[in-house]
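# Fold and contact review
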Amino acid sequence: MTNLFLLQLLNGMQFGILLFLIAAGLTLVFGIMDFVNLAHGVIYMVGAYLAVTFSQMTGSYGLGLLLTLPATLVIGLVLELLVFRKLYDRPHLDQVLATFGLVMIITEGVEIIWGAAPLSVQMPDLLSGSVPLIGPLRYPVFRLVVIAAGLATAVALWLIITRTRIGMRLRAGATNRAMVSALGVDIKKLFTIIFAFGAMLAGFAGAMVAPILTVDPGMGESVLILAFVVIVIGGIGSVKGAFAGALLVGLVDTLGRSFGPIILRSFLDPSAAGQAGRVLAPMLVYILMAVILAARPAGLFGART
Amino acid sequence: MRLIPTRAWAATLLFAAFAALPLIAAALDDAYLVVIATRILAYAIAALALDLILGYGGMVSFGHAAYLGIGAYSVAILSRAGITDLSLHILGAIAGAAIFAVITGAISLRTKGIYFIMITLAFAQMAYFFFVSLSAYGGDDGVTLSTRSTLFGQPVLEDDTALYYTAFAILLGLYLTAVAVTRSRFGRVLTGARENPVRMQAIGFSPFRYQLTAFVISGCMTSIAGVMLANQASFVSPAYMDWHRSGELVVMVVFGGIGNLLGAVAGATIALLLEEWLAVLTEHWPLLFGLILVLVVLYSRDGLTGFFRRRL
Amino acid sequence: MTYSGKMLAVLAATTCLAGPAIAQDDETLKIGLIFTLSGPAAVLGEMGRDGFQLAAEQIGEIGGMPTEIIVVDDEQKPDIAANKARELVERDQVDIVVGPIFSNILGAIMKPVTDSGAILISPNAGTSNFAGAECNRNFFVTSYQNDQMHEVMGAYAQEQGYSNVFLLAPNYQAGKDSLAGFKNSYKGGVAGEIFTQLGQLDYSAELAQIAAMQPDAVFAFMPGGMGVNLVKQYRQAGLETIPFLSAFTVDESTLPAQQDAAVGFFAGSNWAPDLDTPENKAFVDAYEAKYGKVPATYAMQAYDAAHLIDAAIREAGGTGDKDALIAAMEGAPFTSVRGDFSFGPNHYPVQDFYLTEVVQREDGKFATSIVKKIFDDYADNYVGACEMN
C-alpha cells in the first residue's frame, strides 16, 4: 500500500510535469504577454503530426523531433505575421474568438492533410522498455525522458525570463509597452520572437508526447482546457506558478482517481462510495480550480488581475 | 443619437421577418425551414441572455451552456414525473438555473477578466460531468422525449409551427424585457460597474449585488432557451452543456456585435445559418467558418452589426 | 443599403438557398447516410460511409432502382443529429436512413426518422432499449446489440477459468453497460473495477494498480483515442505478460496508431477481416484496393446494410409498400459477409461471435484475426421484452 502510494505520487508528479511541458508555450504567450491563445492546443497537435511525418521520412524519432522544432517555429512566425500581430491591443474576448477560429481552421486542415485516423510514431528501442522499480512494479523509460524534458523546459524558461536581457525586455514590454518602445526596444520584433518561440515549445511538447499518446485531430483540444486550468491555478504571469499549478493538477487528479474511492469508502457504504467516486473524479480538477480561485482570485502566484 | 431609432427599425424588421418565416416556408413548401428556424430562435434567446451580462456587465461567461442543459433537463425530469406543461417546465428551469447561478455567480464574481472566464468554465464542466454520471436519465446517452411539453394541457406544441411561434413569442418578450432592463436604473448601474466599479462603490452602489442579479437573470433566461431546444430536438443529453457550446454562444454574441441585444439575436441567426449553409457546401465547412470568424474579428471591431452600421 | 435592409436580405437569401422541397418520387430510391464525419471520431464515420458507398458502387442500382445517396455529418452532437435526421426525412424525403455510429446519436435520431415512416438501419449502434421494450418496426440493426461484444469476452474469460480479472472502462453510459455485459457471462472474481475519465490521457495510475494486483487478465473497453493511449502505455509499462481482453479497443480503426503495441491483444467481435467466406474476401479485397486501409467492423456492417436494402427492395418489388419492404427485410434475404446472419423478432441480428487477436499481416499491416468461435447463432438478452406491433 505504501509502495503503491509512493508510485502514484510519482505518477502524479509525472503527469503534472507532462502537463507543464504542454502548457509551457502557453505560459510564455498567455502568462507573460497576456495574450489568450486558444490555438496553442492545435499547434501542439501540429507538432505531433509533424513529428510523425518527419520520423517516417528520416526513419528516426530523434531526427523527427529535431526537424519538428524549426518547422513549428516557422508556423509560429507565419501565424504571428498574419493574425496575432493584429490582436495584441485587443480585448481578451477578441483574442479568444480569433484564435477559436484558428482552432477550427487548423484542425480541419490537419484532417485534410493527414486524415482523421489516429497515427503513431515509432519509438527508438533504447527508450521503449521499462525499468524495475519496487517488487513487480516497473516504470517506462520513456516516462523518465518526458520528466527530464519537462524539468529542462521549466529551468530553461525560468532562466530566460529572469536572467537574460530578452527576458527582462519581455517583462518590461508586457507591463508597459509604450515606455519600452520609447526606450528604443523594438517591441514588435520582440513579441514576434517570443510568439514563435512559444509555438516551438508547443510543437516540442507535441513531438515529445507522440510516442505515448494518440496522434489524432482531437488531441489538441483535449489538452487545451487542462493547460489553461494549470496556468490559471498557478496565477498568470508566473512560470513558477504554472509549474506549481501543473504539479498540483497532476497530483490531485492522479491521487484522487486512485485513492478517492478508498477514502470515500471509509465513511460511505461501498456502492454509494463507488457512485460518488465516479461522479467526483472527473470534476476534481475543476473543483480544485474553483476552490483556489474563490480563495485567491488571482491564482496561487498571480499578482495581476 | 441616430443609433437608437435605427436599432428600433432594425429590430422591427428582423422580428417581422421571423414572424413571416412560417408563411414563406409554406409558400416554398419546405416545412423543414421552420424546424431550423426554431433552433435559431432558441439560440437567439441564449445569445440575448449572454449579451446582457457580457455586453452590458462586462462579464464574459464561458459556462453559459450549463444553463441550456439545466433548462433541457428540467423538461426531461419534470416530464418523467408527469408534469408536462410548458409553463411549469419553464418555471422549473428558472428555479434550477437561479440556484445554480446564485451559488456559482457569487463565487465567480470574486474574480475578474480571464479568471472569471475560467471559473465559469469550471462550474459548467462540473455540471456537465454531473449529468454525464446521471444514469437515471441515460447518462452520456441522454433521453429521448416521447412527447413535447403541453400548453395549458393541450399537446399543441407537437405542431412545428406552433412550437415556432411559441419560441418566437418568448424571444420577443425577453428581447423587450432585456431592452427595458438595460435602459432602467439597474442597467445603468450595471454598465457603470463595468466601466468603473470603484466609482460606483463610492457613490453608494454595491457592484457585486447588481452584477450577481444580472448574472442570475441571464442564467434564468438561458435556461428557457434550453427548454425550447429540448422541445425542438425532442431529445436531452449532456452534450448541450459541452464547453464548445459555451464557446459557440460567445461567438454568436461577438459575431453580432456585443452590447446591443439585437446584435446577439442577429449573431445567433447568422452563425447558425452560416453553419447550415457551409455544411451543404463542403464537408470541410469548419475551415471556412473559422476563416470567416478570424476575418470578422480582425476587420470589424463591433462584429457584423458594426460592420454594417458603419456603412449606413 | 441599411443595416436592417442587409439583415432582411440575408434572411431572404438563406430562404431561397434552402430551395423548394422535391416532391416524393417512387421511381428513385433515396437513402440518407448519417455518420460522424468531423471531430476526433470522424475515422469511424468515414469507415461506415466508405463501406456503404463501396457496396452501392458495386451494386449499381440498389434494389434495381436509380439510387440517390445523401451523406450528412452528425458532428457527434445529438441535437445536431436530430435536426439533420429531420432534414433527411422531411426535406430530402429519403426512404431509408442508414446510421449512426454512436449510441447517443441513435437515441436522438430514432424518433424523428421512424415517426416520419422512413426505415432506419443502424450499421453500428445497438442500444438495449431499442432491442427490448422500445423496439420499433421501422428500425433494423446490422451490427450487434452493444452488450454482446462484451459478453463474448466475459464468456472467454470464464472459459479460461480466470478467477481474478481487472476491469477498466470510461465513466459514461456505454462504459457502465460494457462492464455489466462482461459480468453477464463472466462469473469469476473481479480484482478491481475502475471507471476512468472520458478522454483520459494518462493511465499511469490505473496501470500501477494493475501491476500491483497482478490479475489473471485485464478487460478493457476504451474506444477511439483512449484505447490508443491505454494500449501504448500498457505495453510500455511492461504489463504485456497479463492477457489483455477488450472490446472496441483494438480494431482496424485504431491499429494504425497502436501498431505492434497491440499485437497479441484479444478482442471480442462479430467478424474479422480474415473471416473465411467468399463474400468477405471479396469485400476486404475491394475495400483495401479502393481506400488503402484495412476495414474495421464499422465498414463491414455498413456494407452489409447496403446489401440488405438491395435484396429486400428486390424482394418487395420497390419501396412503395413499406409494410412489404419491412417484411422482406425481416427475412434478411442477403448473404452477409459474416456468413450466418438472421434477424431476431426485435430486428437485431442473430449471429456468431468470435475471439480475435491482433496480428501483423504479411504485407506489414496490422489487423484483427479470428482465433475461435465463442458464440453460435447468438441472440441478445433483451429480445424477450420486445413486443413488435
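Residues numbered from 1 in each chain as written. Chains lettered and ligands numbered in written order. Predicted model: local features only at pLDDT ≥ 70, side-chain atom pairs only at ≥ 80, totals over all residues. Heavy atoms only, no water.

Let me state the cut-off plainly: UniProt positions are given in the numbering used here, feature names are shortened, and annotations may be inferred rather than shown by experiment.
Chain C has the name Amino acid/amide ABC transporter substrate-binding protein, HAAT family in an unreviewed UniProt entry, where Paracoccus homiensis is given as its organism. Turning to chain C, the UniProt annotation filed under Sequence similarities (unreviewed entry) states: "Belongs to the leucine-binding protein family."

In the annotation of an unreviewed UniProt entry, chain B is listed under the name Amino acid/amide ABC transporter membrane protein 2, HAAT family and assigned to Paracoccus homiensis. Chain B has a UniProt comment under Subcellular location (unreviewed entry) that states "Cell membrane".

## A look at a nonpolar patch on the surface
Quick reminder of the rule: Only residues whose relative accessible area exceeds 30% and that take part in no salt bridge are eligible for patches, with like-charged residues grouped when within 9 Å of each other and nonpolar side chains (Val, Leu, Ile, Met, Phe, Trp, Tyr) grouped when within 5 Å. In these tables, accessible area is a Shrake-Rupley quantity obtained with a 1.4 Å probe, and a residue counts as shielded only by the protein chains included in the view. Counted as salt bridges are all cases of a side-chain nitrogen of Lys or Arg within 4 Å of a carboxyl oxygen of Asp or Glu. The way it works is that DSSP assigns letters per residue, a run of H or I at least four long becomes a helix, a run of E at least two long becomes a strand, and they are numbered from the N terminus.
A grouping of A:Val74, A:Leu77, A:Val78, A:Leu81 and A:Leu82 is seen on the molecular surface, where their side chains present a nonpolar patch of about 430 Å² in accessible area. Assignment of secondary structure puts A:Val78 in helix α3 (residues 61-82).

## Details of the domain arrangement of chain C
Residues and elements named next belong to chain C. Stated precisely, the cut-off is as follows: Domain start and stop positions are those given by an automatic or database domain assignment. Between two residues, a contact is recorded if the distance between any of their heavy atoms is within 4.5 Å. A 1.4 Å probe defines the accessible area here, and the buried area is the portion of it lost by two parts on being joined, summed over both. We call two N or O atoms a polar contact when they sit within 3.5 Å, provided that within protein one can donate a hydrogen and the other can accept it, with sequence-adjacent residues counted only if both atoms are side-chain atoms.
Annotation of chain C at the domain level lists domain 1 (25-144 + 277-351) and domain 2 (147-269). Spacing between the C-alpha centres of domain 1 and domain 2 amounts to 29 Å. Listed per partner, the contact involves 8 residues of domain 1 and 7 residues of domain 2. Between domain 1 and domain 2, a total of about 740 Å² is buried, with carbon and sulfur atoms accounting for 60% of that surface. Its largest share of buried area at the contact with domain 2, domain 1 owes to Tyr-144, Thr-297 and Tyr-298, together 51% of the area lost on that side. Summed over the shared surface of domain 1 and domain 2, the result is 0 salt bridges. Taken together, the links from domain 1 to domain 2 amount to 1 residue pair in polar contact (both at pLDDT 80 or more). Of all the secondary-structure elements, those providing two or more residues to the side of domain 1 that touches domain 2 are α2 (42-59) and α12 (297-316).

## A look at the interface of chain B and chain A
Taken together, the contacts link 38 residues of chain B with 47 residues of chain A. When the two sides are added together, the surface that chain B and chain A hide from each other amounts to roughly 3,800 Å², 80% of it contributed by carbon and sulfur. For the pair chain B and chain A, the interface holds 0 salt bridges. In this assembly, chain B and chain A are joined by 8 residue pairs in polar contact (both at pLDDT 80 or more). Counting residues per element, the ones that place at least two in the side of chain B that touches chain A are α5 (113-132), α10 (243-256) and α12 (285-299) of chain B.

## Quick notes on the sheet that holds strand β1 (residues 29-35) of chain C
All names here are of chain C. Going by this rule: Strands pair, by our definition, only if DSSP identifies at least two bridges between them. Structural elements are reduced to axes, namely lines fitted to C-alpha atoms, with helices fitted over the stretch in contact, and the angle between N-to-C directions of any two is expressed from 0 to 180 degrees.
The strand order β2-β1-β3-β4-β5 describes an open sheet built from 5 strands, whose pairing is parallel. Each of the sheet's edge strands pairs with one partner strand only, and the pair in question is β2 (67-73) and β5 (139-141). Averaged over all adjacent pairs, the angle separating strand axes in this sheet is 20 degrees, with direction ignored. Two strands pair when backbone bridges link them, and strand β3 (residues 96-98) and strand β4 (residues 119-122) are joined in this way by 3 bridges, in the parallel orientation. The residue of β4 that forms the bridge with Val-97 is Leu-120. Set on the sheet, helix α3 (residues 78-91) makes contact with β1, β2 and β3; between it and β1 the angle comes to about 175 degrees.

## Looking at the UniProt feature "transmembrane region" (unreviewed entry) in chain B
Residue and element names in this part refer to chain B. Following the UniProt record, the feature "transmembrane region" (unreviewed entry) maps to residues 36-54, 66-83, 89-107, 114-137, 162-181, 208-229, 249-273 and 285-301 here. Annotated as residues 36-54, this span is 100% helix and 0% strand, and its ends, taken at the C-alpha atoms, are 26 Å apart. Annotated as 100% helix and 0% strand, the span residues 208-229 places its first and last C-alpha atoms 31 Å apart.

## Details of the packing of helix α1 (residues 2-32) of chain A against helix α8 (residues 204-213) of chain C
Let me state the cut-off plainly: Any angle that falls under 35 degrees is termed roughly parallel, while one over 145 is termed roughly antiparallel, one within 65 to 115 roughly perpendicular, and all others oblique. For any pair of crossing helices, the crossing counts as left-handed if the nearer helix is rotated counterclockwise from the farther one by less than a right angle, and right-handed if it is rotated clockwise.
Put simply, α1(A) and α8(C) touch, their axes get as near as 9 Å, and they point 160 degrees apart. In this view, α1(A) runs roughly antiparallel relative to α8(C), as classed from their interaxial angle. In this structure, the crossing between α1(A) and α8(C) has a hand that is right-handed. Where α1(A) abuts α8(C), its residues A:Leu4, A:Leu7, A:Gln8, A:Asn11 and A:Gln14 lie against C:Ser204, C:Ala205, C:Ala208, C:Gln209 and C:Ala212.

## Details of the state of the cysteines
All names here are of chain C. The test is simple: Cysteine sulfur atoms are paired as a disulfide whenever they fall within 2.5 Å. For every residue, the accessible area (1.4 Å probe, protein chains only) is compared with the maximum for its type, and the residue is labelled buried under 20%, exposed over 50%, or partly exposed between those bounds.
Tallied over the entire structure, the rule returns 1 disulfide over all chains. Paired by a disulfide, Cys-135 and Cys-386 hold their sulfur atoms 2.1 Å apart. With the S-S bond torsion at 85 degrees, the cross-link from Cys-135 to Cys-386 turns out right-handed. Placement of Cys-135 in the loop between α5 (128-131) and β5 and of Cys-386 in the segment after β13 (366-378) is noted, with a sequence separation of 251 residues between them. For the pair shown, Cys-135 and Cys-386 are each scored as buried.

## A look at the interface of chain C and chain A
Bring the parts together and some accessible area is lost; that lost area is often taken as the interface size. At the interface, 36 residues of chain C touch 39 residues of chain A. In terms of surface lost to chain A, no three residues of chain C exceed C:Gln197, C:Leu201 and C:Gln236, which account for 22% of the buried area on that side. Run the count over chain C and chain A and you get 2 salt bridges. In this structure, A:Arg257 engages C:Glu206 in a salt bridge whose closest nitrogen and oxygen atoms are separated by 2.9 Å. Counting across the interface, chain C meets chain A through 15 residue pairs in polar contact (both at pLDDT 80 or more). Where the side of chain C that touches chain A is concerned, the elements lending two or more residues are α2, α8, α9 (225-236) and α10 (255-258) of chain C.

## Section: the UniProt feature "domain: Leucine-binding protein" (unreviewed entry) in chain C
Summarizing the sequence annotation, UniProt attributes the feature "domain: Leucine-binding protein" (unreviewed entry) to residues 28-359 of chain C in the numbering used throughout. A distance of 44 Å separates the end C-alpha atoms of residues 28-359 of chain C, which is 44% helix and 20% strand.

## Thoughts on the pattern of salt bridges
A complete count under the given rule lists 29 salt bridges over all chains for this structure. With a closest N to O distance of 2.9 Å, A:Arg90 and A:Asp94 form a salt bridge. The pair formed by A:Arg90 and A:Asp94 is uniform in burial state, with each residue classed as buried. Taken together, the shared-partner salt bridges connect B:Arg245, B:Glu248, C:Glu75, C:Lys77, C:Asp79 and C:Lys84 into one network.

## Some remarks on the packing of aromatic side chains
All names here are of chain A. The criterion, for reference: Any Phe, Tyr or Trp ring, taking Trp's six-membered ring, that has another such ring centre within 6.5 Å forms a pair; planes under 30 degrees apart are called stacked, those over 60 apart edge-to-face, and the others tilted.
Across all of its chains, the model carries 46 aromatic pairs over all chains by this definition. Note on Tyr-61 and Phe-142: the rings are 6.2 Å apart at their centroids and 65 degrees apart in plane angle, and the pair reads as edge-to-face. Here Phe-142 lies in helix α6 (residues 141-163) and Tyr-61 lies in helix α3, a separation of 81 residues in the sequence. Residue Tyr-61 shares its accessibility class with Phe-142, and that shared class is buried. Three or more aromatic residues joined by ring pairs form one cluster here, namely Phe-35, Phe-84, Tyr-88, Phe-191 and Phe-195.

## What to know about the pairing of strand β12 (residues 349-360) of chain C
Consecutive side chains of a regular strand alternate in pointing toward one face of the sheet and then the other. Residue and element names in this part refer to chain C. Within β12, 9 of the 12 residues are buried, leaving the element largely enclosed by the surrounding structure. The pairing of strand β10 (residues 266-269) with β12 spans 4 bridges and is classified as antiparallel. For Phe-266, the partnering residue across the bridge sits in β12 and is Glu-357. Pairing of strand β11 (residues 342-343) with β12, which is carried by 2 bridges, proceeds in the antiparallel orientation. Looking at the pairing, Ser-342 lines up with Val-350 of β12. The hairpin turn running from β11 into β12, its antiparallel successor, is 5 residues long, and His-347 in that turn takes a positive phi close to 70 degrees. Both β12 and β13 contribute to a ladder of 9 bridges, which runs antiparallel. Residue pairing across strands places Thr-356 opposite Ile-370, the latter belonging to β13. Connecting the antiparallel pair β12 and β13 is a turn made up of 5 residues, with Gly-364 showing a positive phi of about 95 degrees.

## Focus: the pairing of β10(C)
Residue and element names in this part refer to chain C. The alternating pattern of β10 places Phe-266 and Gly-268 and Ala-267 and Ser-269 on opposite faces, both of which are buried. Sheet topology note: the strand β9 (residues 244-247)/β10 ladder contains 2 bridges and is parallel. The residue bridging Ser-246 from the neighbouring strand is Ala-267, located in β10.

## Observations concerning the nonpolar core
Inclusion rule: We call a set of buried Ala, Val, Leu, Ile, Met, Phe, Trp, Tyr and Cys residues a nonpolar core when their side-chain atoms join them within 4.5 Å.
Residues C:Phe52, C:Val98, C:Ile121, C:Phe283 and C:Ile309 are the most contacted members of the largest nonpolar core, which totals 337 residues. Looking at which element gives the most residues to this core, the answer is helix α2 (residues 32-54) of chain B, with 20 residues. When we break this core down by domain, the ones giving at least three residues each are domain 1 (25-144 + 277-351) and domain 2 (147-269) of chain C. Not counting residues up to four positions away in its chain, the partners in contact with C:Phe283 are C:Leu54, C:Trp271, C:Pro295, C:Ala299, C:Met300, C:Tyr303 and C:Val337.

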